[in-house]
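An overview of the molecular structure
For reference, the chains in residue letters:
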Amino acid sequence: MVRFIKQEAEEKANEIAVSAEEEFNIEKLQIVEAEKRKIKQEYERKEKQLEIRKRIDYSMQLNASRLKVLQAQDDLVQGMKEAAEKQLASVSHHHHSYRKLLKDLIVQALLRLKEPSLLSRCRESDVDHVCEVLEDAKNEYMEKANVDHVHIHVDNQKFLPPAHDPKRPGHSCSGGVVLASKDGRIVCENTLDARLGVVFKQKLPEIRRRLFGGTGA
């Protein structure tokens, strides 16, 4: 009887041990699988971060390259404008054609302002030229505007900046005139530099299109 009880106890103990071993193995397997999933998820997360980082780096490099191209294009366009400005400086050297140009600029400004009394300002070196063409400019304007009278006072006190001089940096003017109403509220800046600025701004899309292709934007 004692042997039977002992044998039964041993069998029961073996069953418990086997069951515990199985439960341990199952739990161990679950832990291992959970760790595997955790490692896989971490790897996928880092891989995704690396891919995002690569895309960001590529985008930054692409933007940097585009900025360099745009800067090079702007430098070229600005160089063209500066070359045109240098050519403007020589326009006033040809006195006959320059006087005719001054007359046309004065008439254009008069037609824009359409004021009965105006103040004209020019470079100090251009005062004589302006005075020479003033009457012809007034007559042409009165004929085109169908008016009987216009008074223009040439300012002999304040002048536009002189021509560009590398030895004297600062504001400069390549020529032309500025006309203002008597009260100074309406001003027409019809200098060569201002005209170049207007034309250059208007033609900039076309200039870019011719130089670089595409839309020129």
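The rules behind these values
Note that residues are indexed from 1 along each chain, following the sequence as it is written. The predicted origin of the model limits local features to residues at a pLDDT of at least 70 and limits the giving and counting of side-chain atom pairs to 80 or more, whereas totals for whole chains, interfaces and linings rest on all residues. As a convention, hydrogens and water are excluded, and side-chain values are obtained from all of the structure's heavy atoms. UniProt positions are given in the numbering used here, feature names are shortened, and annotations may be inferred rather than shown by experiment. By this definition, two strands are paired if DSSP reports at least two bridges between them. Numbering of helices and strands starts at the N terminus; helices are DSSP runs of H or I of at least 4 residues and strands are runs of E of at least 2. Angular values range over 0 to 180 degrees, each being the angle between N-to-C directions of two axes fitted as lines to C-alpha atoms, with helices fitted over their stretch in contact. Residues are treated as being in contact if the distance between any of their heavy atoms lies within 4.5 Å.

As annotated in an unreviewed UniProt entry, the protein chain carries the name V-type proton ATPase subunit E and comes from Adiantum capillus-veneris. According to the UniProt record, the Sequence similarities (unreviewed entry) comment for the protein chain reads "Belongs to the V-ATPase E subunit family."

Across the sheet, which stays open at both edges, the four strands sit in the order E2-E1-E3-E4 with mixed pairing between neighbours. Only two strands of the sheet have a single partner each, and these edge strands are strand E2 (151–154) and strand E4 (187–191). In this sheet, neighbouring strand axes are inclined to one another by 20 degrees on average, regardless of whether the strands run parallel or antiparallel. Taken together, the four bridges between strand E1 (residues 117–121) and E2 define a ladder with parallel strand orientation. Residue serine 120 lies in a different strand from E2, and its bridge partner there is valine 154. Packed on one face of the sheet, helix H2 (residues 95–113) meets E1, E2, strand E3 (176–181) and E4 and runs near 25 degrees to E3. In the packing of helix H3 (residues 127–145) onto the sheet, contacts are made with E1, E2 and E3, and the angle to E2 comes to roughly 180 degrees.

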